[in-house]
Structure formats: structure tokens, C-alpha cells
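An overview of the molecular structure
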Amino acid sequence: VLGKTERTVIMPGAQAFPFDDLALGRVTFPHSVLPPGMSDPAAAVDGSPHTVWTPGRDGRMVVDLGATHRIQVRLKWTGGPPPPHTITYSVDGRTYGPETTARYVAVSTGWRPGHASLRSISVTR
């Protein structure tokens with residue numbers, strides 16, 4: 001048996017594990033038939049700086065964090081004016097409000113053409 005060799009591998013643009021972002025790679029809704037003008041909300045949690053979620057007129061997306069946590073949410077928008085928006089929280093996926101202990105995080109927008117798209121939603125404890 002040969003001696004153990006350690007190596008450091010550097011991958012530009014990759015995030016180190018474990019991730020602090022509870023939303024990264026999580027399930028988003030809607031995820032099948034999207035309303036007109038809306039792109040896939042998964043683009044806001046895929047970790048790529050090259051993808052975005054375009055809400056479409058008055059679009060809304062939900063991220064399932066998989067478990068309930070006391071959280072803080074940060075949104076990153078593309079260039080241009082961000083649309084009017086609200087962030088609400090839920091423990092059951094049905095009733096949403098301002099309480100930040102949640103399993104589900106919803107971003108509701110008053111998006112119109114010319115508004116920014118959502119580059120990322122980041123959720124931390």
C-alpha cells in the first residue's frame with residue numbers, strides 16, 4: 001500500500017462544501033407549466049451567475065428549504081430597476097406571512113418589462 005497523498009484541487013467559480021446557502025439547489029415552484037413570460041425559478045437557486053429568473057407579469061416563486069429554519073433572505077437582481085416585490089414565509093406551504101422561521105420562502109413581484117430579473121435568492125440562518 002502506497003502512502004497517502006493529499007492534493008488541493010482548485011475549481012474556479014465552484015463553492016466550497018458545506019454550503020451556507022439553504023436555498024442552493026432546492027426545489028422551486030412553479031416547476032412545470034409556467035405562466036406566460038416566466039422563466040424557470042430554479043435559475044435563482046442553481047448557483048450560476050449566468051442564469052436568472054424572469055418573473056413575468058406579477059410573477060411569484062417559492063423555494064422549499066426542506067426543513068424549517070430561522071432564516072434571513074437576500075435577493076440579487078440583474079441590472080435595471082428591481083420590480084416591486086415582497087418576501088413571505090411559511091412552515092406548511094399554504095399560509096404565508098412575515099415570520100422568518102420557515103420551510104418555504106416566496107418572492108412575489110409586480111414585474112413588468114424593463115424590470116430586473118432575479119439572479120439569486122440566498123437563504124442563510
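Refer to the structure above for everything that follows.
Residues numbered from 1 in each chain as written. Predicted model: local features only at pLDDT ≥ 70, side-chain atom pairs only at ≥ 80, totals over all residues. Heavy atoms only, no water.

1. Digging into the overall build of the chain
Along the backbone of the chain there are zero helices and six strands. Along its sequence from the N terminus, the chain presents helices and strands in the succession β-β-β-β-β-β. Seen through its principal axes, the chain has C-alpha atoms that stretch 60 × 30 × 25 Å. For the chain, the residues scored as buried account for 34% of the 125 residues in total. Relative to all contacts within the chain whose residues are 6 or more apart in sequence, the contacts with residues 24 or more apart total 64%. Charged side chains in the chain number 13 positive and 9 negative. The centres of these two groups are separated by 2 Å. (Helix = DSSP H or I, 4+ residues; strand = E, 2+ residues; numbered from the N terminus. Buried < 20%, exposed > 50% of the residue type's maximum accessible area, 1.4 Å probe, protein only. Contact = heavy atoms within 4.5 Å. Lys, Arg positive; Asp, Glu negative; His and termini not counted. Charge placed at Lys NZ, Arg CZ, Asp CG, Glu CD.)

2. Regarding the sheet that holds strand E5 (residues 101-109)
With antiparallel pairing, four strands are arranged side by side in an open sheet as E1-E2-E5-E4. Each end of this open sheet is capped by a strand with a single partner; those strands are strand E1 (27-29) and strand E4 (85-90). The average angle at which neighbouring strand axes cross in this sheet is 25°, direction not considered. Where strand E2 (residues 60-70) meets E5, seven bridges bridge the pair, whose relative direction is antiparallel. The residue of E5 that forms the bridge with Asp64 is Tyr104. (Pairing = 2+ DSSP bridges. Axes fitted to C-alpha atoms, helices over the stretch in contact; angles between N-to-C directions.)

3. What to know about the packing of aromatic side chains
For any pair of aromatic rings, the description rests on two quantities: the centre-to-centre distance and the angle between the ring planes. According to the stated counting rule, one finds zero aromatic pairs in the structure shown. Its guanidinium or amino end placed over the ring of Tyr96, Arg60 lies 4.8 Å from that ring's centre, counting from NZ or CZ. (Phe/Tyr/Trp six-rings, centres within 6.5 Å; stacked < 30°, edge-to-face > 60°. Lys NZ or Arg CZ within 6 Å of the ring centre and 35° of its normal.)

4. Describing the nonpolar core
For soluble globular proteins, nonpolar side chains are generally found buried alongside one another. Ranked by internal contacts, the top residues of the largest apolar core, which has 20 residues, are Met61, Leu65, Ile71, Leu118, Ile121 and Val123. Discounting residues that sit within four places of it in the chain, Ile121 has contacts with Asp21, Ala23, Ala44, Val45, Met61, Val63, Val73, Arg74, Leu75, Val105 and Val107. (Core = buried A, V, L, I, M, F, W, Y, C linked by side-chain atoms within 4.5 Å.)

5. Focus: unusual backbone geometry
The linkage connecting Phe29 with the following residue, Pro30, adopts the cis geometry, with an omega of -5°. Along the polypeptide, Pro30 turns up in the loop between E1 and E2. Phi is positive for Asp58, close to 55°, though the residue is something other than glycine. Assignment of secondary structure puts Asp58 in the loop between E1 and E2. Residue classification places Asp58 among the partly exposed residues on the basis of a relative accessible area of 45%.

6. A closer look at the environment of Gly37
As for its position among the elements, Gly37 is in the loop between E1 and E2. Taking the C-alpha atoms as reference points, Gly37 and Pro55, 18 residues apart in sequence, are found 7.0 Å from one another. If sequence neighbours within four positions are ignored, Gly37 has contacts with Thr54, Pro55 and Gly56.

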